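The chain contents come next:
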Amino acid sequence: MDCPGGCPSFSVSRALTQPGADVDPILVDGFLVVDDDGTVLLCDAVADTLTGGCAGERLLFDGQGALELLAGAEWSEELQLLGTVHLEP
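Residues numbered from 1 in each chain as written. Predicted model: local features only at pLDDT ≥ 70, side-chain atom pairs only at ≥ 80, totals over all residues. Heavy atoms only, no water.

By the definition in use, this model includes one disulfide. Sulfur-sulfur distance for the disulfide between Cys43 and Cys54 comes to 1.5 Å. Disulfide Cys43 to Cys54: torsion about the S-S bond roughly -60 degrees, handedness left-handed. Linking Cys43 in strand E3 (residues 40-46) with Cys54 in strand E4 (residues 54-60), this pair joins segments that are 11 residues apart in sequence. The exposure class of Cys54 is buried, given its relative accessible area of 16%. (Disulfide = S-S within 2.5 Å. Helix = DSSP H or I, 4+ residues; strand = E, 2+ residues; numbered from the N terminus. Buried < 20%, exposed > 50% of the residue type's maximum accessible area, 1.4 Å probe, protein only.)

Here is the structure:
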């Protein structure tokens, strides 16, 4: 992805409504959070810094290496991920 001057990034809530995000990869800002059932989500925010959990909109993270990125933690610092956004029918 070549973006002269830097690539724009989007919050999770904005990525959900971004035209073409299901075809062309976009940069999404958020926090990786492991849900109670072990599902990894990309969230707009972390609900509570003591107990974790998602706050705001969320995307199911279906990428390789999520658990390596988390290194045993239940949530990450804010990060940027490049990918496509697929909405469930």
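There's plenty left to go through after this.
In this section: the environment of Ala73. The residue Ala73 is located in the loop between helix H2 (66-70) and strand E5 (79-83) in this model. Assessed through its relative accessible area of 35%, Ala73 is described here as partly exposed. Along the primary structure Ala73 and Leu32 are separated by 41 residues, whereas in three dimensions their C-alpha atoms are 9.7 Å apart.

Mapped onto the fold, Leu79 is located in strand E5. Each C-alpha atom of the pair Leu79 and Leu32 lies 8.0 Å from the other, and the pair is 47 residues apart in sequence. Leu79 has contacts with Val28, Asp29, Gly30, Leu32 and Leu42, leaving out every residue within four places of it along the chain. (Contact = heavy atoms within 4.5 Å.)

Bringing the environment of Val46 into the picture now. Within the secondary structure layout, Val46 lies in strand E3. Contacts of Val46, omitting those with residues within four sequence positions, involve Phe31, Val33, Gly52, Gly53, Ala55 and Trp75.

A separate point is the confidence of the model for the chain. Low pLDDT marks regions whose predicted coordinates should not be analysed in detail. On average, residues of the chain carry a pLDDT of 84, and 90% of them reach 70 or more. Per-element confidence in the chain ranges from a low mean pLDDT of 75 for H2 to a high of 94 for helix H1 (residues 12-15). (pLDDT = per-residue confidence, 0-100.)

Inside soluble globular proteins, nonpolar side chains tend to come together where they are buried. By size, the foremost hydrophobic cluster in this structure holds 16 residues, and its most contacted members are Ile26, Val28, Leu32 and Leu42. For this core, the elements supplying multiple residues, two or more each, are H1, strand E2 (26-34), E3, H2 and E5. By residue number, the principal contributor to this core is E2, which donates three residues. Ignoring sequence-local partners within four residues, the contact set of Leu32 consists of Val40, Leu41, Leu42, Phe61, Leu69, Leu70, Glu74, Trp75, Ser76, Leu79 and Leu81. (Core = buried A, V, L, I, M, F, W, Y, C linked by side-chain atoms within 4.5 Å.)

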